[in-house]
Amino acid sequence: MAKQIERIEFKDITKRFPGVLACDKINLQVNRGEILALLGENGAGKTTLMNVLYGLYQPDEGEILINGENICIDTPQKAGELGIGMVHQHFMLVPNLTVKENVALCMFNNSAIKLDLDLVTETIKEISASHNIKIDPDAYIWELSVGEQQRVELIKALSLGANLLILDEPTAVLTPQETDKLILLLQEMAASGCSIIFISHKLNEVKAVSHHVAVLRNGRMVYNGSTDDHTTDELATLMAGRDIALPVAKEKMVSEEIILNIQNVTALGDRGTEALDGLSLSLSKGEILGIAGVSGNGQSELAEIINGLRKVQSGKVVLDGEDITNRTPQQIIDRRIGYIPADRLHEGTVAAFSVKENMILKDYAQAPLSRATFLMDKTISNYAEGLVAKFDIKTPDIDTTCASLSGGNIQKVIVAREINRNPKVLVAVYPTRGLDMGAAEFVHSELLAARDNNEAVLLISEELEELMNLSDRIAVIYEGKILKVIPAKEAQKSELGLLMAGVQNEKE
Amino acid sequence: MKKNRLHEQMYNLGMTTFSLVVALMIGAVLFVIAGANPITAYWVMFTAPLQDIFGITEMFVRAAPLLLVALGISISFRSGILNIGGEGQILVGAIFGLFIALYAPQMHWSVMVPLIFVASFAGGALWGGIAGWMRAYLNVNEILSTVMLNYVAIQIYNFLIRGPMMDKQEIAYGTGASQTARIAREYWLTKLIPGARMHSGMIIAIIMAVIVFFFLWKTIYGYRMRAVGAEIKASRYAGINTKWYLLLAMLLAGGFAGMAGAVEILGVHHRGLESISAGYGFSGIVVALFGGLHPLGAIPASVVFGLLIVGADMMQRAVQVPAYVILAIQGLIILAIVSSNVFITKKGMRAKVINLLKKMTGRG
């Protein structure tokens, strides 16, 4: 077992990459039982700094002190031996193994041959008892929800004797309820002597969970102090280096003209079970309809049946008076339905294609981008240059592949392409997941602009705040059905939370 | 940014060359075991073919079918299909071409030669298309189906040239060599240099390479095929009929391999013989990879491989090593190129290598 870490210090840590100063003389300190939030936009240097601590990178300058002792961490294994554990944003779990087998995978067994799973089970039980983390050691990973999988990651780290935990954007994949649970859990763990570094750009969570906060911007530490000294707005300003305010929908007269009508639709999910179960929904011109729900309740299937990417078993989808049920994706694109999919790297863009080629992904076959099947290179370049300028996409040039852009800029490429097609209906699925505040602000204002342009927006999100800020109405989806549609100004978080959990309020 | 791209290409070229050198060094050990001097062996292999007209022309004789197969492979790999069925597609292409050349009413060459090429293309396309259709609509792994279809094609081809399509004269004289009758001299591809085997097939192949380049990068069909190959989910999202484009990719891949069959019967052998495909279906894959799966890159790559094949033949005679050592070295070169691809395509590898170089030169 590793020694207890009483205090860990970063002294003047500097890390350079070709052409980039990722960390510039960072000084930081975490004490036992303390939760430090590391804030910063994408590319601010948070992850680099943590990878230095976890032994994945070597600092170019500076040193790391544990309990006052200068330590060289050259491999993740060494970090583990020192009692440092990391929970990555993307879980490192084998889905078709059980919880205990996954934990055993990263433990160093005493025997080279025998796999002592009973010992592992004991360890898991001990840890879950002492930290109050509930988990069934015999459950398969694929059976667990995302929140439960994260708990397995925590147990994995703890069973290796970690007493300093690094969590890289742990709430990015969680529902609001799961996030609340995680925050409670982290506070309990800190109270029992763990130190925690919590990487995030969600300010509310940072306020709720941390004692200290360190804000990074462009590789520099711009604030390091107590969390209580600043409001969320002040932290946001520090993070972005400018005043930032997520736009909020202004009251607007929603026309009564229904543009998209989904009538009693059923559809199967990927596993062949019924994902949509008699879902009905209507969307008017010039409104943003928010869909709230815990992920896996039919949201992605709903987006897919509208866009022709999934077969409808029964029921109808009507666009502007025309039945478009089970039309091909191309026919639906031609009828001007826009779609910002959840998987921006594999579905929204062809990652290996250049920015230019991604910009024309839906209109390449139309004049003037192509004539008589020939792509018009010059027109396409001008078109792409125009969009890059108009939507302020940060890319070296239009021939750069999308894969090498940051998540925010990839999303901007998709949003630019979809908005520029002037869609009648725009379906946006988790459009700001994993984006920093600046990029989220951009996406939100574009969605609002589309609404003000009398386009209809179907916004599927797990973040209640986003839904309440932007939507005109909020519909709650649960097990493939719409439980209730509430005007956004009357919506309350608590009521939405209950509906998302399937609890109907009977008294009304 | 332009400068960066140049650096990248220099790095890619450097990595490929480096891995080739490593492969040749391992190969040198094999030569020593076989009792030959590796330096003489390599010297003969790389320079002997270039010393006379015979070597140079032979190089292009090999390069023509290699280039055509490589074009098909580039199309299919770019569309996300690993086509290992070049051999079978060449043979079926040859059968279709022979059928027209030998049994169709004889017409002027300006009609017949294009007709034979079209027939060969159709034959190859049919054979590739079977695997493509099974992949797109039945989800059958294309590596398996194309390899297996090679065996089917070989047996059909051998049956035909030993049976129904066998040369009547061979039967009459009782010599029984398994080959078809000779194609009328009028239809042979033009010899470019008197006395050498080099024919106009290489010119046809280069024209095809340019056409494929325009097709893949300048037309909406090529755009769709590349999209399907790069990201099938995003292609569906973009409204592309992904199944049809997977099938089309295999039709074209097979078609070009089939054309290689036509080049061999019209340009080199002038009849159907056993093992007419001569391993081009497999070497073509390496040529395509060596050319960066780019139709224009495949042109120099096919010439280099033509050199390797001719050079290996000459080396075998010069230093008296068993043919299998030559095959082993060709295999090593293939492995080297494929593994150097890891260094080229894997993210972060480049930075690591550059860092290492800096440390080694003491500038870091």
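A.B. asks: Please explain the overall build of chain B as it appears in this structure.
C.D. replies: Within chain B one finds 15 helices and zero strands. Taking 21 Å as the expected radius of gyration for a compact globule of 364 residues, we find that chain B reaches 22 Å, a close match to that expectation. With the C-alpha coordinates aligned to their principal axes, the bounding extent of chain B is approximately 75 × 60 × 35 Å. Counting across all 364 residues of chain B, residues that qualify as buried make up 47%. Contacts spanning at least 24 positions in sequence make up 78% of the contacts within chain B whose residues lie at least 6 apart.

A.B. asks: I'm lost on the domain arrangement of chain B in this one. Help?
C.D. replies: Put simply, an interface is often sized by how much accessible area is lost when its parts join up. Residue and element names in this part refer to chain B. Looking at chain B, the domain boundaries give domain 1 (1-36 + 321-364) and domain 2 (61-320). A C-alpha centroid distance of 29 Å is found between domain 1 and domain 2. Tallying the contact residues gives eight residues for domain 1 and nine residues for domain 2. Tallied by class, residues from the side of domain 1 that touches domain 2 come to seven nonpolar, one polar and no charged.

A.B. asks: What is the right way to read unusual backbone geometry from this model?
C.D. replies: Across the chain, the bulk of peptide bonds are trans and the bulk of non-glycine residues have phi less than zero. Residue and element names in this part refer to chain A. The step from A367 to P368 runs through a cis peptide bond, and the omega angle for that step is 5 degrees. Along the polypeptide, P368 turns up in the loop between helix 11 (355-359) and strand 17 (370-371). Of note, K25 is a non-glycine position whose phi angle comes to about 45 degrees, a positive value. Along the chain, the position of K25 falls in strand 2 (residues 20-31).

A.B. asks: Honestly, the domain arrangement of chain A in this entry has me stumped. Any pointers?
C.D. replies: All names here are of chain A. By the assigned domains, chain A splits into domain 1 (7-240) and domain 2 (245-336 + 422-508). Centre-to-centre separation of domain 1 and domain 2, based on C-alpha positions: 34 Å. Contact with domain 1, which involves ten residues of that partner, is made by ten residues of domain 2. Of all the elements in the fold, those that place two or more residues in the side of domain 1 that touches domain 2 are helix 6 (176-191) and helix 8 (232-240). Looking at the side of domain 1 that touches domain 2 element by element, the count peaks at three residues for helix 8. Considered class by class, the residues forming the side of domain 1 that touches domain 2 number five nonpolar, four polar and one charged.

A.B. asks: I keep staring at the nonpolar core and nothing clicks. Help me out?
C.D. replies: Note on soluble globular proteins: their nonpolar side chains tend to be buried together. Counting 252 residues, the largest nonpolar core has L459 of chain A together with L67 and L68 of chain B as its most contacted members. In this structure, L459 of chain A is in contact with I288, L289, G290, I291, A428, L447, L467, L470 and S471 of chain A, ignoring residues within four places of it in sequence.

A.B. asks: What am I meant to see in helix 13 (residues 407-420) of chain A here?
C.D. replies: Since the α-helix turns once every 3.6 residues, residues separated by three or four places project in the same direction. Residues and elements named next belong to chain A. An ideal rise of 1.5 Å per residue puts 20 Å on 14 residues; helix 13 measures up with 20 Å between its terminal C-alpha atoms. Within helix 13, twelve of the 14 residues are buried, which leaves it mostly tucked inside the rest of the structure. Every buried residue belonging to helix 13 is among G408, N409, I410, Q411, K412, V413, I414, V415, A416, R417, E418 and I419, and all of these are buried. Those residues of helix 13 hidden inside the fold are in contact with strand 16 (337-340), helix 11, helix 12 (377-390), strand 19 (425-429) and helix 14 (437-452). Looking one or two residues beyond helix 13, the residue adopting positive phi is N422, at roughly 45 degrees.

A.B. asks: In this structure, what is going on with the sheet that holds strand 15 (residues 322-323) of chain A? I would like to understand it.
C.D. replies: Each strand in a sheet pairs with its neighbour through backbone hydrogen bonds, running either in the same direction (parallel) or in the opposite one (antiparallel). The sheet built from four strands is open, its strands ordered 12-11-14-15 (chain A) with antiparallel pairing. Whereas interior strands pair on both sides, the edge strands pair on one side only; in this sheet they are strand 12 (274-284) and strand 15 of chain A.

A.B. asks: Just to check I follow, could you spell out the sheet that holds strand 7 (residues 164-168) of chain A for this structure?
C.D. replies: Residue and element names in this part refer to chain A. Within the open sheet, the six strands sit side by side as 6-7-8-3-9-10. Their pairing is mixed. A strand with exactly one partner marks an edge of an open sheet, and here the two such strands are strand 6 (84-87) and strand 10 (220-226). Direction aside, the axes of adjacent strands within the sheet are offset by 15 degrees on average. With six bridges connecting them, strand 9 (residues 212-217) and strand 10 associate as antiparallel partners. Note on strand 10: the bridge partner recorded for A214 is N224. With respect to the sheet, helix 5 (residues 146-159) is in contact with strand 6 and strand 7, its orientation differing from that of strand 6 by roughly 165 degrees. The sheet contacts of helix 8 involve strand 3 (35-39), strand 9 and strand 10, and relative to strand 9 the element is tilted by about 30 degrees.

A.B. asks: Even after reading the chapter, I still don't get the pairing of strand 8 (residues 195-200) of chain A, so can you show me in this structure?
C.D. replies: One face of the sheet, then the other: side chains in a regular strand alternate in exactly this way. Residue and element names in this part refer to chain A. Along strand 8, six of the six residues are buried, which leaves the element largely enclosed by surrounding structure. Pairing geometry for strand 3 and strand 8, over five bridges, is parallel. Along strand 8, the bridge assignment pairs L38 with I199.

A.B. asks: When you look at the interface of chain B and chain A in this model, what are you seeing that I'm missing?
C.D. replies: Each partner contributes to the interface: chain B provides 16 residues, whereas chain A provides 26 residues. Residue assignment for the side of chain B that touches chain A shows that the elements contributing at least two residues are helix 9 (220-230) and helix 10 (232-237) of chain B. At five residues, the largest contribution of residues to the side of chain B that touches chain A is made by helix 9 of chain B.

A.B. asks: Sorry if this is basic, but what is going on with the packing of helix 8 (residues 201-218) of chain B against helix 9 of chain B here?
C.D. replies: Pairs of packed helices are described in terms of their axes, by the angle between the two and the distance that separates them. Residue and element names in this part refer to chain B. At a closest axis distance of 5 Å, the pairing of helix 8 and helix 9 adopts a crossing angle of 70 degrees. Relative to helix 9, helix 8 is oriented roughly perpendicular. Residues F215, L216, W217 and K218 of helix 8 touch helix 9, and the partners they reach there are Y221, G222, M225 and R226. When its residues are assigned to classes, the contact of helix 8 with helix 9 shows five nonpolar, one polar and two charged.

A.B. asks: Would you explain helix 6 (residues 142-162) of chain B in this entry?
C.D. replies: Residues and elements named next belong to chain B. Compared with the 30 Å implied by 1.5 Å per residue over 21 residues, the 30 Å span of helix 6 between its first and last C-alpha is a close match. Of all the positions in helix 6, only E142, S145, T146, L149, N150, A153, Y157 and I161 are classed as buried. Buried positions in helix 6, seen along its axis, are confined to an arc of 150 degrees and lie on one side of it. The exposed residues of helix 6 that point more than 90 degrees off its buried face are Y151 and Q155. Close packing links the buried residues of helix 6 with helix 4 (86-103) and helix 5 (109-138).

A.B. asks: Quick question: what am I supposed to make of the packing of helix 3 (residues 53-78) of chain B against helix 13 (residues 298-319) of chain B here?
C.D. replies: All names here are of chain B. Interaxial distance between helix 3 and helix 13 falls to 7 Å at its minimum, and their mutual angle equals 130 degrees. By the angle between their axes, helix 3 is oblique relative to helix 13. Once helix 3 is placed against helix 13, the crossing between them reads as right-handed. In this structure, helix 3 uses G55, E58, M59, F60, R62, A63, L66, L67, A70, L71 and S74 to contact helix 13, whose residues at the interface are A298, I299, A301, S302, V303, F305, G306, L307, I309 and V310.

What counts, and where the lines are drawn
Residues numbered from 1 in each chain as written. Chains lettered and ligands numbered in written order. Predicted model: local features only at pLDDT ≥ 70, side-chain atom pairs only at ≥ 80, totals over all residues. Helix = DSSP H or I, 4+ residues; strand = E, 2+ residues; numbered from the N terminus. Rg over C-alpha atoms; globule rule 2.2 N^0.38 Å. Buried ≥ 20, exposed ≤ 12 C-beta atoms within 10 Å, placed from the backbone. Contact = placed C-beta atoms within 7 Å. Domains from an automatic or database assignment. Nonpolar A, V, L, I, M, F, W, Y, C, P; charged D, E, K, R; others polar. Core = buried A, V, L, I, M, F, W, Y, C linked by C-beta atoms within 7 Å. Expected span 1.5 Å × (residues − 1). Pairing = 2+ DSSP bridges. Axes fitted to C-alpha atoms, helices over the stretch in contact; angles between N-to-C directions. Parallel < 35°, antiparallel > 145°, perpendicular 65-115°, else oblique. Arc of directions from axis to C-beta. Left-handed = near helix turned anticlockwise from the far one by under 90°.

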